[in-house]
Amino acid sequence: MGKRIVVLGGGAAGTMVANRLARRLTDSIRSGELEILLITRSEQHLYQPGFLSVVFNEKFPEQIVREEKSLVHRGVTLVFDEIKRIRPDRRCVQSRTTEYPYDYLVIATGSRPDFDGVPGLKESARHFYSLEGALRLRDALASVKKGRILIAVDQPHKGPGAPLEFALMLDDYLRRRGIREGIRLKYAYSDGRLHRMQPVADWALSQFEQRGIVHQPFFRLEKVDPLRKRVFTADGEEHPFDVLVAVPAHRGAPVVADSGLGDERGFVPTDRLTLKMEGDDRVYVLGDATNLPLPKGGSAYYQSEVLVQNLVSRLKGLPETSVYDGKGAFFLGNSFRDAGFIAFDYSRFPKSVSSSEVLRWFKGMQGPAYWLNVRAIL
Ligand SMILES: Cc1cc2nc3c(=O)[nH]c(=O)nc-3n(C[C@H](O)[C@H](O)[C@H](O)COP(=O)(O)OP(=O)(O)OC[C@H]3O[C@@H](n4cnc5c(N)ncnc54)[C@H](O)[C@@H]3O)c2cc1C
């Protein structure tokens with residue numbers, strides 16, 4: 001009987017890992033010594049950074065969606081199912097109807113914004129964290145002529161630069177339409193600075209000040225009144241809005257918490273060097289599902305390199321010597337003309353941030369490169 005690697009979650013990280021494994025281990029798969037089983041619940045694969053391009057009408061929905069089966073290497077067995085429990089004690093994952101045993105498991109179940117954490121938020125807020133949300137926000141912004149737009153941001157969230165990028169792009173979008181003067185644009189955030197990385201926060205602060213984007217730190221959303229269009233904070237402040245755009249704190253996928261594997265926010269405790277779930281030598285974790293002290297985004301590609309190298313070594317009976325150094329990178333759009341680029345690892349943040357037209361061009365290439373990355377061609 002051959003060995004089986006189960007990859008749980010067919011988003012950016014899971015699809016990339018399954019395809020990379022299949023490309024490296026074609027002979028073992030052909031001979032029946034190995035099966036790579038990718039289990040995911042959605043038949044459609046969304047390029048999530050593209051949600052912002054949909055909001056500003058730069059891209060149409062069909063440009064950021066592909067069929068998952070069109071992305072998967074022929075050596076990967078693809079199953080559409082929703083996993084309800086991960087059972088490391090029995091070395092299997094279970095759906096409502098069946099169970100899938102594994103020799104090695106890769107958890108890549110991602111993260112999601114928790115709109116239920118604040119009363120009234122779900123009913124009141126627009127967002128760019130799903131395709132439907134992006135389409136609704138696009139339409140809401142297209143009909144704005146004047147008033148107050150409030151962007152309320154909490155941590156942790158995926159898309160390391162996405163909330164800042166949204167605010168800066170929105171400023172440019174409103175200017176282009178000649179309506180910026182009549183709109184009070186406010187960015188309220190839970191931390192003491194605009195971004196966890198100080199140089200990014202410093203750069204964003206200067207952009208906000210030059211462009212008249214009002215900003216408020218330590219903003220703790222307590223409840224929202226959808227009828228009166230007012231937000232209330234833990235400090236007892238009241239903020240009126242015409243359009244509220246929210247980035248609520250994220251949680252891990254429910255299956256992680258339901259399986260008793262997550263920390264208090266449902267992220268999997270993960271060894272920062274080996275990318276193994278703490279306390280289990282056969283379970284690996286990557287992408288947004290981990291509890292690593294890193295932004296949620298920009299690192300799945302680098303993590304998959306390490307994880308795949310180690311799994312391949314292990315299957316060949318060799319030691320696992322590849323180590324993840326926390327590497328990641330992301331683009332941060334500043335306007336329709338320019339963007340910045342931020343690279344980081346566990347011990348290094350960028351010293352300063354600047355933006356340029358050339359980087360904006362490279363940012364435009366990120367979408368096409370993504371589809372090659374997930375197919376493990378790049
Ligand atoms: C607006 C926005 C902008 C962003 N910008 C950037 C950027 O510029 N650069 C960058 O690198 N990243 C960016 N990101 C973040 C990036 O999209 C994520 O970091 C990335 O998708 C994480 O990959 P993942 O595989 O961990 O999770 P996901 O891609 O979310 O995939 C998780 C998968 O697991 C599946 N799943 C979950 N639970 C189950 C279950 N129980 N059973 C079966 N399947 C399950 C889901 O259906 C999904 O397919 C952005 C995100 C957003 C929303």
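Residues numbered from 1 in each chain as written. Predicted model: local features only at pLDDT ≥ 70, side-chain atom pairs only at ≥ 80, totals over all residues. Heavy atoms only, no water.

Going through the model one piece at a time under the given rule, you end up with 15 aromatic pairs. Centroid distance tyrosine 187 to tyrosine 189: 5.8 Å. Interplanar angle 45°. Geometry classified as tilted. Tyrosine 189 shares its class with tyrosine 187; the two are buried. Within the aromatic cluster, the residues linked to one another by ring pairs are Phe56, Phe128, Tyr129, Phe166, Tyr173 and Phe336. Sitting above the plane of the phenylalanine 232 ring, lysine 223 keeps its charged end 5.3 Å from the centroid. A cation over a ring is seen here: lysine 296 above phenylalanine 267, with NZ or CZ 4.1 Å from the ring centre. (Phe/Tyr/Trp six-rings, centres within 6.5 Å; stacked < 30°, edge-to-face > 60°. Buried < 20%, exposed > 50% of the residue type's maximum accessible area, 1.4 Å probe, protein only. Lys NZ or Arg CZ within 6 Å of the ring centre and 35° of its normal.)

Here helix H6 (residues 131-142) crosses helix H7 (residues 162-176) at 35°, and the two axes come no closer than 12 Å. Between H6 and H7 lies a crossing whose hand is right-handed. Taking contact as the criterion, the partners of Leu137, Leu141 and Ala142 in H6 are, on H7, Phe166, Leu170 and Tyr173. Split by residue class, the contact of H6 with H7 holds six nonpolar, no polar and no charged. (Axes fitted to C-alpha atoms, helices over the stretch in contact; angles between N-to-C directions. Helix = DSSP H or I, 4+ residues; strand = E, 2+ residues; numbered from the N terminus. Left-handed = near helix turned anticlockwise from the far one by under 90°. Contact = heavy atoms within 4.5 Å. Nonpolar A, V, L, I, M, F, W, Y, C, P; charged D, E, K, R; others polar.)

Turning next to the domain arrangement of the protein. Partitioning the protein into structural domains gives domain 1 (3-110 + 253-328 + 370-374) and domain 2 (115-250). The straight-line distance from the C-alpha centre of domain 1 to that of domain 2 is 31 Å. Listed per partner, the contact involves 18 residues of domain 1 and 23 residues of domain 2. Together, the buried faces of domain 1 and domain 2 total about 1700 Å²; carbon and sulfur atoms form 76% of this surface. Among the residues domain 1 hides against domain 2, the three largest losses belong to Leu52, Val55 and Phe56. Together they make up 36% of the total. Here domain 1 is connected to domain 2 by zero salt bridges. Taken together, the links from domain 1 to domain 2 amount to three residue pairs in polar contact (both at pLDDT 80 or more). Considering each element in turn, the side of domain 1 that touches domain 2 owes the most residues, four residues, to helix H3 (residues 51-55). Class assignment for the residues of the side of domain 1 that touches domain 2 results in eleven nonpolar, three polar and four charged. (Domains from an automatic or database assignment. Buried area = accessible area lost by both parts, 1.4 Å probe. Salt bridge = Lys/Arg side-chain N within 4 Å of Asp/Glu carboxyl O. Polar contact = N/O pair within 3.5 Å; in protein donor to acceptor, adjacent residues only side chain to side chain.)

Below, the discussion takes up the side chain of aspartate 191. Among the structural elements, aspartate 191 can be located in the loop between strand S12 (183-189) and helix H8 (198-211). Separated by 2.9 Å, the side chains of aspartate 191 and arginine 196 make a polar contact. Those residues within four positions of aspartate 191 in sequence are excluded, and the remaining contacts are Gln155, Arg196, Pro217 and Phe218.

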